[in-house]
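# Residue-level structure breakdown
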4 protein chains.
Amino acid sequence: MKFSDIPVGASRTDYRVPYADTDMMGVVYYGNYLTYFERARNEAMRDTGYTYAQMEQDGAMLPVIESHVQYQSSARYDDYLTIYAWVEEAHGVRVKIHCAVVRGEEVLAHGYTVHAVMDRKTLRPLRVPEYIKAAVRS
Amino acid sequence: MKFSDIPVGASRTDYRVPYADTDMMGVVYYGNYLTYFERARNEAMRDTGYTYAQMEQDGAMLPVIESHVQYQSSARYDDYLTIYAWVEEAHGVRVKIHCAVVRGEEVLAHGYTVHAVMDRKTLRPLRVPEYIKAAVRS
Amino acid sequence: MKFSDIPVGASRTDYRVPYADTDMMGVVYYGNYLTYFERARNEAMRDTGYTYAQMEQDGAMLPVIESHVQYQSSARYDDYLTIYAWVEEAHGVRVKIHCAVVRGEEVLAHGYTVHAVMDRKTLRPLRVPEYIKAAVRS
Amino acid sequence: MKFSDIPVGASRTDYRVPYADTDMMGVVYYGNYLTYFERARNEAMRDTGYTYAQMEQDGAMLPVIESHVQYQSSARYDDYLTIYAWVEEAHGVRVKIHCAVVRGEEVLAHGYTVHAVMDRKTLRPLRVPEYIKAAVRS
């Protein structure tokens, strides 16, 4: 993925890499990119005018059922990253969110998570809310 | 994936889930499964008679270029898990390792990582070593 | 602290260091020792014949109100560590648990956590249970 | 510690709590505060006009030899925190940095880390640089 592949309207989160995120290879540990994706998803939700925290209070949740990451280049200590997130697909009871971790205009990693929309109490599937459908960018 | 899909000869690592790995949903945070995969890969390497630490000392490394996880059910605090790992493919300069996180005989999550084999100094690609090829199970 | 300072009867937990725990200095990140301490506390509880998970189900909890770590030497990738834990003090509504992270007979780090004993529902302080008092080693 | 105890001139870092940082008790895991402290120390260094990354390139490092945290109240998912850091003491070959994690004007946790100043190559102690001494606030 190239920087120009990130859709207009994607949410942005800025993030400074601490020592904590690096490993002995001197780069950000591969598992930490899933936390970066989560940070960006949180802000993408906030951009819809409705936070994930509010959605939970209203009784829904979005557990991850699949994750995928392509690692193109390495993020390092003290890098100032921008993490982009956008809703790629949303139909039925599933949402797919794409994320890209960027330094300057270089895409270091990108990938997606697939989420089920569920009722927090009954754990039954719920239809994707309209404000998430409205956020689809591709 | 079902328990019976795990190939005979896969490496096993036992692991007790600490509070640290859980999140406020009461389950293991989705990103931590990639650390579980790494724990299992380390033991899978050790089972070849040649540890990852030794391989690094000999000048090679196996950076992750792709990761994928399917989350089927949730691991919880104090669960005693077994993480299985096996080399699924190994040809040219790439290795694909499959992992499954299991409680009892229930597969909670599974997925794979794809690794490039590289020279640590020159960062040039290297051919997959024979002892890794010999470990392929599928 | 020296190895000989660890009291007879301390609980033991074995642990293999993954890449995930290291940082770019090539050693285990300082914050991860608090997770090591937690792993050891869990096993120390289990050794009393009553796990932390059971204690929670019975309505009590032990939130950490203070932590302290002395870093004496560094743990590294693939080190096989033993983490010792023992109840150092337990009176009134507080418990102090000491932990030591050991490689071979070298104490790499040690320290303590202080916990309040609380009712999970009312969040009121509770007196320290007898089976914890009985576990005091010093 | 109260909000009014934070010295004028302390460095500030803002931080949004992700799910990743929480545990099944619904609050930020106690070990993660040490990562919060690190984030704040990085920015405190940057405020001296000389980043930690630059200091490392110049051949010095500041390994942590002691950490202490007092947990006063809990941070939660999606909280917008401010983490303050200030150099409390700096003499000889040691530096003590105090940090406080704040939500609004409530101090949730605070504590300190003690660092040795060392030469990265020889691992010999170095005297505290003047620009760190000049940053002492108390």
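For clarity, every value in this text was computed on a predicted model and none was experimentally measured.

### Considering the relation of the copies chain A and chain B
The operation relating chain A to chain B is a screw motion whose rotation component is 180 degrees, with 0.0 Å of axial translation and a residual RMSD of 0.0 Å. Here the copies are linked by what is in effect a two-fold axis. No C-alpha of chain A approaches the rotation axis more nearly than that of His68(A), which lies at 2.2 Å. Interface overlap between copies: 100% of the residues of chain A at the interface are likewise at the interface in chain B, consistent with a symmetric, same-surface contact.

### Observations regarding the sheet that holds strand β1 (residues 11-16) of chain C
An order of β1(C)-β4(C)-β5(C)-β6(C)-β3(C)-β3(D)-β6(D)-β5(D)-β4(D)-β1(D) is seen for the 10 strands of this open sheet, with the pairing classed as antiparallel. This sheet does not close on itself; its edge strands, each paired only once, are β1 of chain C together with β1 (11-16) of chain D. Averaged over all pairs of adjacent strands, the angle between strand axes in this sheet comes to 20 degrees, irrespective of strand direction. Judged from the 9 bridges that link them, strand β4 (residues 80-91) of chain D and strand β5 (residues 94-103) of chain D form a sheet pairing that is antiparallel. Paired with Val87(D) across the bridge in β5(D) is Ile97(D). Sheet contacts for helix α1 (residues 32-47) of chain D: β3 (64-71) of chain C together with β1, β3 (64-71), β4, β5 and β6 (106-116) of chain D; angle to β1(D), the most-contacted strand, approximately 135 degrees.

### Some points on the pairing of strand β3 (residues 64-71) of chain A
All names here are of chain A. With 7 of 8 residues buried, β3 lies mostly within the body of the structure. Bridge analysis of β3 against strand β6 (residues 106-116) gives 7 bridges, and the strand direction is antiparallel. Bridged to His 68 within β6 is Tyr 112.

### A few points about the nonpolar core
By size, the foremost hydrophobic cluster in this structure holds 90 residues, and its most contacted members are Tyr33(C), Tyr36(C), Tyr33(D) and Tyr36(D). Among the nonpolar cores identified, the runner-up in size contains 87 residues, and Tyr36(A), Tyr112(A), Ala60(B) and Tyr77(C) belong to it.

### Concerning the interface of chain A and chain C
Each partner contributes to the interface: chain A provides 9 residues, whereas chain C provides 9 residues. Counting each side, the surface lost to burial between chain A and chain C is near 950 Å², with a carbon and sulfur contribution of 73%. By the criterion of area lost to chain C, the three top residues of chain A are Tyr19(A), Met24(A) and Tyr29(A), representing 61% of everything that side buries. Here chain A and chain C share 0 salt bridges between them. Taken together, the links from chain A to chain C amount to 4 residue pairs in polar contact (both at pLDDT 80 or more). Taken together, the residues of the side of chain A that touches chain C sort by class into 6 nonpolar, 2 polar and 1 charged.

### Things to note about helix α1 (residues 32-47) of chain A
Residues and elements named next belong to chain A. In this model α1 runs 23 Å from its N-terminal to its C-terminal C-alpha over 16 residues, within 8% of the 22 Å that 1.5 Å per residue would give. With respect to burial, α1 is a largely interior element, 13 of its 16 residues being buried. Of the residues one or two after α1, Gly 49 is the one with positive phi, at around 95 degrees.

### A short note on the pattern of salt bridges
In the structure shown here, the tally under the stated rule is 32 salt bridges over all chains. Across the salt bridge formed by Glu43(B) and Arg46(B), the nearest N and O atoms sit 3.0 Å from each other. Taken as a pair, Glu43(B) and Arg46(B) lie in helix α1 (residues 32-47) at a separation of 3 residues, close to a single helical turn. A cluster of three or more residues bridged by salt bridges with shared partners is formed by Arg16(A), Asp78(A), Glu43(D) and Arg46(D).

### Observations concerning the interface of chain A and chain B
In this assembly, 23 residues from chain A lie in contact with 23 residues from chain B. Summing both sides of the interface, chain A and chain B together bury roughly 1900 Å²; the carbon and sulfur share of this comes to 54%. Here chain A is connected to chain B by 0 salt bridges. For the pair chain A and chain B, the interface holds 16 residue pairs in polar contact (both at pLDDT 80 or more). Every element with two or more residues in the side of chain A that touches chain B is listed here: α1, α2 (52-57), β3 and β6 of chain A. The dominant element in the side of chain A that touches chain B, judged by the number of residues it contributes, is β3(A), at 8 residues. Residues of the side of chain A that touches chain B, tallied by class, amount to 13 nonpolar, 6 polar and 4 charged.

### Structural notes on the sheet that holds strand β3 (residues 64-71) of chain B
Reading across from one edge, β1(A)-β4(A)-β5(A)-β6(A)-β3(A)-β3(B)-β6(B)-β5(B)-β4(B)-β1(B) is the order of the 10 strands in this open sheet, with antiparallel pairing throughout. Taken across any chain shown, the strands that pair with only one partner, and hence form the sheet edges, are β1 (11-16) of chain A together with β1 (11-16) of chain B. Strand after strand, the sheet turns through a mean of 20 degrees between neighbouring axes, direction not considered. Alignment of strand β5 (residues 94-103) of chain B against strand β6 (residues 106-116) of chain B, held across 10 bridges, turns out to be antiparallel. Within the sheet, the bridge partner assigned to Val95(B) lies in β6(B) and is His115(B). Seen against the sheet, α1(A) touches β1, β3, β4 (80-91), β5 (94-103) and β6 of chain A together with β3 of chain B and runs at an angle of roughly 135 degrees to β1(A).

Procedures and definitions
Residues numbered from 1 in each chain as written. Chains lettered and ligands numbered in written order. Predicted model: local features only at pLDDT ≥ 70, side-chain atom pairs only at ≥ 80, totals over all residues. Heavy atoms only, no water. Least-squares fit on C-alpha atoms with pLDDT ≥ 70 in both. Contact = heavy atoms within 4.5 Å. Pairing = 2+ DSSP bridges. Helix = DSSP H or I, 4+ residues; strand = E, 2+ residues; numbered from the N terminus. Axes fitted to C-alpha atoms, helices over the stretch in contact; angles between N-to-C directions. Buried < 20%, exposed > 50% of the residue type's maximum accessible area, 1.4 Å probe, protein only. Core = buried A, V, L, I, M, F, W, Y, C linked by side-chain atoms within 4.5 Å. Buried area = accessible area lost by both parts, 1.4 Å probe. Salt bridge = Lys/Arg side-chain N within 4 Å of Asp/Glu carboxyl O. Polar contact = N/O pair within 3.5 Å; in protein donor to acceptor, adjacent residues only side chain to side chain. Nonpolar A, V, L, I, M, F, W, Y, C, P; charged D, E, K, R; others polar. Expected span 1.5 Å × (residues − 1).

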